[in-house]
Amino acid sequence: MNALAAPRPSRNPEPMLSDSRPPPSSVAGRLGRHRVTLGILLVVAVAHLGAWWAMNRPVSMPDFRGQVNGLAFAPYQRGQSAEGTNWPTPDQIEGDIRRVSGMTRHIRTYAVHGGMERIPEIARAAYPDMRVTLGSWLDRRLDRNAAEIRRLVQVARESRNVERVLVGNEAVLRGDVTPAQMVGYIEQVRRQVRQPVSTAEPWHVWIDHPELGNAVDYITIHLLPYWEGLPVDDALRFIMEKYDAVRARFPGKRVVIGEVGWPSDGVAQGAARASRVNQALFMRSFFNIAEARGLEYFVMEAFDQPWKTSFEGRAAGHWGMYDLDRAQKWPLTGPVQETPAWLGWALGASFAAFLSAFFFLSRRPDIRWQGKLMLAALSQGFVALGTCVVLAMSETYMSTTAGVVWSLLVAGQVLLLAILLSDGFELAETVWGRVSKRQWSPVPAPEGTPLPKVSIHLPICNEPPAMVRETLDALAALDYPDFEVLVVDNNTTDPALWEPVAEHCARLGARFRFFHLGKWPGFKAGALNFALRETAPDAAVIGVLDSDYTVRPDWLRRMVPFFNRPEVGFTQSPQDYRDAHGGLFKRLMFWEYAGFFKAGMVTRNERNAIIQHGTMTLIRKSALVGAAVEGKAWAEWCICEDSELGLRLMRAGWEAVYCPDSMGRGVMPDDFSAYRKQRHRWAFGAVQIVKGHWRALLNPFNRSLTQGQRFHFVMGWMPWLGDALGLAFVLGGLVWSVGLVLIPLTRLYPSFDLFGVHLQTEGLRTALVAAGLSDEFPITLFMIPSLGIFAFKLAQIWTLYRARVACGPWDRLGAALGGLALTHTIGKAVWQGLFKRRAHFARTPKMENAPALVQGLMTARQEGMVMLLLWLAAAGITLAHRGGTWEAVLWTVILLVQSVPYLAAVSVALVAAMPARQTSAVLGAVSAQSSAGQAVARTEMH
């Protein structure tokens, strides 16, 4: 049978990644092949376990063997809240009283409604020795305040175990009640009860309003150094200093510490860090000082109360001595660990990272130890971060909505891990791999060798005639015995563009046929389908070329012989360019393109998973016709019909051949707008292809692709999905930064004058909170991976280019800049592709005049606007938080890092707008710094 008329080949699936050696038959032999891999993975795992061990060493601190004086008692259970109507039952209250009775004999309450008024009665029945400081809740609603005062008086009169009474809690601090109103409420209660009466306020409210101290029987102060932003080591000095100051201000008055404590979790406040160890250290140290000085106090608080987080921040839910499930957080004696169950989490993370890395490395035992170590460390580091995120989730009280958000964020972390591992594996096998199975160099067929007829299809649309004539002249010079050229012009309305091309085809002879279709459906794919119908019946190979490509004379003679192998369905030569000296912008693009064709495509070729391009490709005609769907070989529904066809041919079982040798050169886009449109089309088309072939790509039970092909197509496009997520994170970060900036500023400036008008900021703060914004920073663990991914991507580009692309360091930086400049465009294209079925085909303009400087800036106006917003947000965070916490600094850094791709886009747009003559000096300086080793690069570029 003629190989060129070969039928569809039978599929012979092979492992996703395998070397050329047959696998040993015994288990010991298989393990022997991986002994270096296993050794490196074990070393990394041990180092990881050592890091967990070092960060979770037991912390020694003062023991406390006495009894806690008192606890702030709010018995709300999971799903209950003082702000709703789902309140604790009497049985739940009794259970909580019994639970704390082993730690204290004094409790303090905050309200006499919602079932809280029954606490004295339940406490007396459950534990007769329990004494209650009865509290009440006052706010701005005067009628409710009156009812609360009546109940307070009634319960105090009826309960013998109520030893003190509190009228309101921080009501003056919140501004709900004026000092004069509070004095009136206190006097009203004092006249009706036998117990001592006070109100509870932070220490500074008593100093600022001495009239309150004169009205009460005793002083109740709140001392919470965490909210003061003090480090835990300085917290005890601070609270004792303030305690003594209040005592000195009101001599002869008893001073009770109504709230004292430290949260076990939450966002840092200045130098104050919320953690289990810090909470235990502060409280146990305070207990000993209080016992020595005979202080009366109530710990803030008995049980964690996550319902408070909605208006006080995450830390507000973690002040309890017990967690929400009523488990004691730490012992009163002995060392304390931040994560007592750390070993289980660490072993789980080590095991998951071990499996992840071994999944890849076991398929490529030929990778050198440096590559194995790099991938093992990446896997272990990122899995460890993910484990810490899940650990934080397990210790955070979440609503259903918060749980959904956290789950989505964790899913994003898993996606980032997949991208990181796939990129890391590509880096490892490209740079440190030693075995290559599918590398070919095209060898010209000897003279006299029978060669099949080739039909070359050249679709054009609104192309400059001079450029197309140059392409046709190069085709006319082909050193090949039997070929034809079909030039198909569609949707070109100006005769001045297509008529000169038609005349030139006529001059070149019968081999060249020209077709003008006018308005024609299907864009480029429609033109190619027409050309296929007009192809000579005896043609066995179809070639496709872009209108700007000038091919080498030996292109066909060197590439067609690959079709002698009956399993080969198509061949692909790299996209290469002849206008790299057209200015700094052209040079930047040249090397940005080169990375994919000199590294990415070579790696993909090892698993028969290359991306087919619509130029410099040859296709077996029988394969092309056999892959037709509804009579159309080229998919007119897909904006990247070339890549879609390549995937379809692979699904049909055909093999692809990629030769990295340059067989032809085209021209690159003339400006940043065209450069961006081209990448938008590629990214949008990739999403279309995934949607059209999702069963083959995403269903592991679909065997139309090999594992290696599925891996490369899915993971190869995954970074573009990462760009889409990055765009969402940028927009989300900007929105969240509004709250991070404005809410603290409204507290700092409660009012201001604008154009002679006095304005209050409380309403703005209320509106921001109502909109779901907050002045709390996102979980730090969610912020770190994005920085790590960004750093790794830069390191990956640098290392890959250094190993596979013959260019100097400045050209590597230029390539990285070009890639970053397209991040926003790719992200938009992916989102549009997810929600739109079709996009307008935008041809990439070539050989057009460069735009003016202002026009260049306008092309990047969207990116420039986002960049400025990110910079303004970073400046606002610095102004509002003054770098007071690590979270503030880290969030500022993230905003600045997120702005880098947008700065790159603006920079590239400016470079593209510069006339080529103005960049010649720059190019000369770059070339002058190139080492002798980069002479190869310059030779290739010429």
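For the structure itself, look to the data block above.
Residues numbered from 1 in each chain as written. Predicted model: local features only at pLDDT ≥ 70, side-chain atom pairs only at ≥ 80, totals over all residues. Heavy atoms only, no water.

A. Seen up close, the state of the cysteines. In total, this model carries zero disulfides according to the counting rule given. Of all cysteine sulfurs, the one in Cys461 lies closest to Cys505, which takes part in no disulfide; the gap is 16 Å. Of the cysteine sulfurs around Cys638, a residue in no disulfide, the closest is that of Cys640, at 5.7 Å. You can call Cys638 buried: its relative accessible area is 4%. (Disulfide = S-S within 2.5 Å. Buried < 20%, exposed > 50% of the residue type's maximum accessible area, 1.4 Å probe, protein only.)

B. Expanded view of unusual backbone geometry. Across the junction of Met300 and Glu301, the peptide omega takes the value 5°, indicating a cis bond. Relative to the helices and strands, Glu301 is located in the loop between strand S8 (297-299) and helix H12 (309-312). The phi torsion at Phe523 lies on the positive side, around 55°, for a residue other than glycine. Tracing the backbone shows Phe523 in helix H18 (residues 523-533). Assessed through its relative accessible area of 34%, Phe523 is described here as partly exposed. In this structure, Glu630 is a non-glycine residue whose phi angle is positive, near 55°. Mapped onto the secondary structure, Glu630 falls in the loop between helix H21 (621-626) and helix H22 (641-651). (Helix = DSSP H or I, 4+ residues; strand = E, 2+ residues; numbered from the N terminus.)

C. How the structure looks around helix H3 (residues 90-100). Taken residue by residue, H3 has Ile93, Asp96, Ile97 and Val100 as its buried positions. One side of H3 carries all its buried residues, which in axial view fall inside an arc of 100°. In this structure, the buried side of H3 is in contact with strand S1 (71-72), strand S2 (106-108) and helix H4 (119-126). (Arc of directions from axis to C-beta. Contact = heavy atoms within 4.5 Å.)

D. Structural context of the nonpolar core. Leu472, Leu475, Trp555, Leu556 and Phe672 are the most contacted members of the largest nonpolar core, which totals 161 residues. Of all hydrophobic cores here, the second largest spans 90 residues; its members include Val177, Trp206, Ala302 and Trp307. (Core = buried A, V, L, I, M, F, W, Y, C linked by side-chain atoms within 4.5 Å.)

E. Fine view of the environment of Pro915. Its location among the elements puts Pro915 in the loop between helix H32 (886-913) and helix H33 (916-929). Considering only alpha carbons, one finds Pro915 and Gly582, 333 residues apart in sequence, at a separation of 9.1 Å.

F. Looking closely at the packing of aromatic side chains. Tallying each qualifying case throughout the model produces 32 aromatic pairs. Ring geometry for Phe286 against Tyr297: centres 5.0 Å apart, planes inclined by 80°, an arrangement best described as edge-to-face. Here Phe286 is found in helix H11 (residues 276-293), whereas its partner Tyr297 is found in strand S8, with eleven residues between them in sequence. In this pair, the class of Phe286 matches that of Tyr297, namely buried. Above the plane of the ring of Tyr218 lies Arg164, whose end atom (NZ or CZ) is 5.7 Å from the centre. The ring of Phe250 carries Arg249 above its face, with NZ or CZ at 5.5 Å from the centroid. (Phe/Tyr/Trp six-rings, centres within 6.5 Å; stacked < 30°, edge-to-face > 60°. Lys NZ or Arg CZ within 6 Å of the ring centre and 35° of its normal.)

G. Looking closely at the sheet that holds strand S14 (residues 568-572). Reading across from one edge, S11-S10-S9-S12-S15-S14-S16 is the order of the seven strands in this open sheet, with mixed pairing throughout. Edge strands, defined here as strands with exactly one partner in the open sheet, are strand S11 (512-518) and strand S16 (655-658). In this sheet, adjacent strand axes meet at a mean angle of 20° when their direction is disregarded. Bridge analysis of S14 against S16 gives four bridges, and the strand direction is parallel. (Pairing = 2+ DSSP bridges. Axes fitted to C-alpha atoms, helices over the stretch in contact; angles between N-to-C directions.)

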